[in-house]
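Listed below are the residues making up each chain.
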Amino acid sequence: MTTIQILDDRLISQIAAGEVVERPASVVKELVENAIDAGARSIRVELEAGGKRSIRVVDDGLGMDRSDALLAFDRHATSKISSFDDLQGVGSLGFRGEALAAIAAVARVELVTATEPGDGHRIRIDGGHIRSAEPTAHPRGTSIEVRSLFFNVPARRKFLKTVRTELRRATEVVQGYALSRPEIGFSLSHEGRTLLEAAPAGDDLEAARRRIGELFGAPAAQNLVDFCQQGPGGERLWGFVGDRKQGRGRRIFTFVNRRLLRDRTVMAAFYRTVRETWRSEDFPALFLFMDIPPAEVDVNVHPQKAEVRFRDGRFFGRLSSCLREALERARGEEPAPLAETTSLPGALLAWQGLGQRSGSPFGGSAGRVGSSEVRELDGSLSSEPAGKLADVVFAPLERSTVPLSGRSGEPRPFRLLGQYKGTLILLEGPDGLYLIDQHVAHERVLYERFRCQLVETVVRSQRLLEPILLELAPAEALRLAELASDLERLGFSLSEMSGNVVAITATPAVLTPGLAEEMLASLASEPGDREEAAEDLKGRLLEALAASQSCRTAVKMHHPLSAEEMESLVAELFAAEQPFACPHGRPIVLKMADIELERRFGRR
Ligand code: ADP
Ligand code: MG
């Protein structure tokens, strides 16, 4: 037999708090959002012990009078909406009236607020109980201090991570809001040390870029490519993507109506577009602002409002095309697939010239390759205009059959056609013409070879005569500090200098100091769990190393290759783990699909 009981109010609040308040960073998020909603021009965040001991947020917004200040801690107390219709078009960051109640249920809170300078009130609440409310002097605005988070919920306190990890997460929240509101001044300090300081700027694209520079360093900001597109749904998509040079600088911040969030569908659209456009797994920095008419987006689908729902299903198509355009510009190239009609004509010339030229690299059998191709093609053109390229079959020739097999072990029916301008290797495939950049192909092959060799190598350390000084954003310095002991096992030695400068005093002997610095800088800028990053370290080291070595020794462009050389290169490439993009993400193989050729020749 079970007995059903109604839970008491305090317990209900504590359960509800679990959804809103997960860790110090979630408290920081709610308090900063409230300060923004209150119209603050300047927001100061002060933390102790990563926010576990204390979180203080001070704003110069509207403030609250005595009765509002007391009411604010009730569940579902909000000044921001009053009807369901309001909810549909909500423009403020908060609207559920839950955050302060939730926070007060699991911490010791002190609120000091004033709507007029001098006319202030101080309210103390412990674990959901009001302890005191008294008048006090305070400038206009609100200051909330949240101490001893989860002091009354030990089970949740146990789940908090180290000071460093919690601090890094909280820092990312402040960074995010500082990015979304360049017109507001922000500062963040930890136990008296300033981690972030950003003066109020304007409210346009350039102000946003300056703010990025303040948070992550001016060089990073200068290399960003900006974009701005007005969509038919009334939305404006704008922001910045990083260029290729920034490599793995994974600073990814996305906002819907200036609300910091990480919507899974939006992230998936970004990753997909990078893969398609760049043929790469190296995701660049992204600062994406989606300003959408409030009625077009539902923010009330996630307890921490970390995800949203877009009412117009076609929105993602527009988002992807906007990102694609920006990514193409960031790379400074046309898109890789030749199927794009815009990039076809030039490539077609190469293809047409092939019939006469393909003979040379093949010695005796070459004539047959060339002539059989021309004859067959001519035949199909004149006698049967509707004939499809895909129907044309050649008898495979001994010398030119490349014994290719992918990782699956299945043989691939490719045929070597020849070399174009000492630079590209041309292959006939079952469904189209393949162009392989010999330099990048060789790079990839060497890269994978090195990687296999290096897995066995023991990591030796080299002391640097002169330490390398890395200047980092606060969150980045913390991230490296978190990883310090893992890095030491790989031969790195780091020491913290003043402010956010980290000195590299030793590196793995196999790395040049420049590469070591690059690797640490990119490591520092990646969000995610410490555990995850630590696991990946050895792989990263090998990658940095392999990428550099292989690029130095790879065959260059404008270098004639024999048929055997081409065959073995192509065979090894297709057996590689990742045959289609070089270690730096450039495409290796381009395909001109038969279908596309047929369309261009008017056969479809
Ligand atoms: P919500 O933000 O969803 O309305 P909260 O629990 O976060 O709910 O806050 C409750 C109410 O307290 C807000 O609607 C607002 O009126 C008031 N409030 C909270 N923080 C501030 C602040 N920093 N300045 C002025 N008013 C505030
Ligand atoms: Mg709120």
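Residues numbered from 1 in each chain as written. Chains lettered and ligands numbered in written order. Predicted model: local features only at pLDDT ≥ 70, side-chain atom pairs only at ≥ 80, totals over all residues. Heavy atoms only, no water.

## Points about the packing of helix α7 (residues 163-180) against helix α8 (residues 205-216)
Item 1. Interhelical geometry of α7 versus α8 gives an angle of 155° and a closest axis separation of 9 Å. One finds that α7 runs roughly antiparallel with respect to α8. Crossing geometry of α7 relative to α8 is assigned as right-handed. Residues Q175, A178 and L179 of α7 pack against R211, I212, L215 and F216 of α8.
Item 2. The residue makeup of the contact of α7 with α8, split by class, is five nonpolar, one polar and one charged. (Axes fitted to C-alpha atoms, helices over the stretch in contact; angles between N-to-C directions. Helix = DSSP H or I, 4+ residues; strand = E, 2+ residues; numbered from the N terminus. Parallel < 35°, antiparallel > 145°, perpendicular 65-115°, else oblique. Left-handed = near helix turned anticlockwise from the far one by under 90°. Contact = heavy atoms within 4.5 Å. Nonpolar A, V, L, I, M, F, W, Y, C, P; charged D, E, K, R; others polar.)

## Quick word on the environment of A102
Item 1. Along the polypeptide, A102 turns up in helix α5 (residues 99-105).
Item 2. Assessed through its relative accessible area of 5%, A102 is described here as buried.
Item 3. Between the alpha carbons of A102 and V27 there is a distance of 9.5 Å; along the sequence they are 75 residues apart. (Buried < 20%, exposed > 50% of the residue type's maximum accessible area, 1.4 Å probe, protein only.)

## Considerations on the packing of aromatic side chains
Item 1. Going through the model one piece at a time under the given rule, you end up with eleven aromatic pairs.
Item 2. Between the aromatic rings of F310 and F315, the centroid separation amounts to 4.4 Å while the plane-to-plane angle is 10°, which identifies the pairing as stacked. The same class applies to F310 as to F315, namely buried.
Item 3. Pairwise contacts between aromatic rings join F216, F253 and F287 into one cluster.
Item 4. It is R108 that lies over the ring of F151; its NZ or CZ is 3.9 Å from the centre. (Phe/Tyr/Trp six-rings, centres within 6.5 Å; stacked < 30°, edge-to-face > 60°. Lys NZ or Arg CZ within 6 Å of the ring centre and 35° of its normal.)

## Remarks on the sheet that holds strand β7 (residues 185-190)
Item 1. Across the sheet, which stays open at both edges, the eight strands sit in the order β5-β4-β3-β6-β2-β1-β7-β8 with mixed pairing between neighbours. The outermost strands of the open sheet, each flanked by one partner alone, are β5 (129-136) and β8 (193-198). This sheet shows a mean twist of 10° between the axes of neighbouring strands, independent of strand direction.
Item 2. Both strand β3 (residues 108-114) and strand β6 (residues 141-147) contribute to a ladder of seven bridges, which runs antiparallel. Paired with E110 across the strands is E145, a residue of β6.
Item 3. Against the sheet, α7 engages β1 (42-48), β7 and β8, with an angle of about 175° to β7. (Pairing = 2+ DSSP bridges.)

## Considering the confidence of the model for the protein
Item 1. Confidence along the protein averages 77 in pLDDT terms, with 74% of residues attaining 70 or more.
Item 2. pLDDT under 50 marks residues 333-387. Its contacts with residues more than four places away, or in other chains, come to 83 contacts. (pLDDT = per-residue confidence, 0-100.)

## Considerations on the pattern of salt bridges
Item 1. Scanning all chains against the criterion turns up 31 salt bridges.
Item 2. Residue R23 is joined to E166 by a salt bridge in which the shortest nitrogen-to-oxygen separation is 3.0 Å. In this pair, R23 sits in the loop between α1 (9-20) and α2 (24-37) while E166 sits in helix α7, placing the two residues 143 residues apart along the sequence. Both residues of the pair, R23 and E166, belong to the buried class.
Item 3. With a closest N to O distance of 3.7 Å, E206 and R209 form a salt bridge. Taken together, the positions of E206 and R209, both in helix α8 and three residues apart, correspond to about one turn of that helix.
Item 4. Residue class for E206 comes out partly exposed when judged on its relative accessible area of 41%. (Salt bridge = Lys/Arg side-chain N within 4 Å of Asp/Glu carboxyl O.)

## Describing the environment of L435
Item 1. Inspection of the secondary structure puts L435 in strand β19 (residues 432-437).
Item 2. Linking L435 and V589, residues 154 residues apart in sequence, is a C-alpha distance of 5.7 Å.

## Considerations on the packing of helix α10 (residues 264-278) against helix α11 (residues 315-331)
Item 1. Put simply, α10 and α11 touch, their axes get as near as 9 Å, and they point 40° apart. Relative to α11, the element α10 lies oblique. Of the two elements, α10 crosses α11, and the hand of that crossing is right-handed. Residue-level contacts link T265, V266, A269, F270, R272, T273, V274, E276, T277 and W278 of α10 to F316, L319, S320, L323, R324, L327, E328, A330 and R331 of α11.

## Focus on the nonpolar core
Item 1. Counting 65 residues, the largest nonpolar core has I43, F186 and F287 as the members making the most contacts within it.
Item 2. Looking at this core, you find at least three residues from each of domain 1 (9-198) and domain 2 (205-330).
Item 3. Residue contacts for I43: discarding those within four places in its chain leaves V32, A35, I36, V57, V58, D59, I184, G185, F186 and S187. (Core = buried A, V, L, I, M, F, W, Y, C linked by side-chain atoms within 4.5 Å. Domains from an automatic or database assignment.)

## Focus on the sheet that holds strand β11 (residues 252-256)
Item 1. Reading across from one edge, β9-β10-β13-β11-β12 is the order of the five strands in this open sheet, with mixed pairing throughout. The open sheet terminates on both sides in strands that have one partner only, identified here as β9 (225-230) and β12 (259-261). Pairs of neighbouring strands in the sheet enclose a mean axial angle of 15°, with direction left out of account.
Item 2. Two elements, β9 and strand β10 (residues 236-241), share six bridges in a ladder whose sense is antiparallel. Bridging across to β10, C228 finds its partner in W238.
Item 3. α7 rests against β11, β12 and β13 (286-291) of the sheet, and its axis sits at about 55° to β11.

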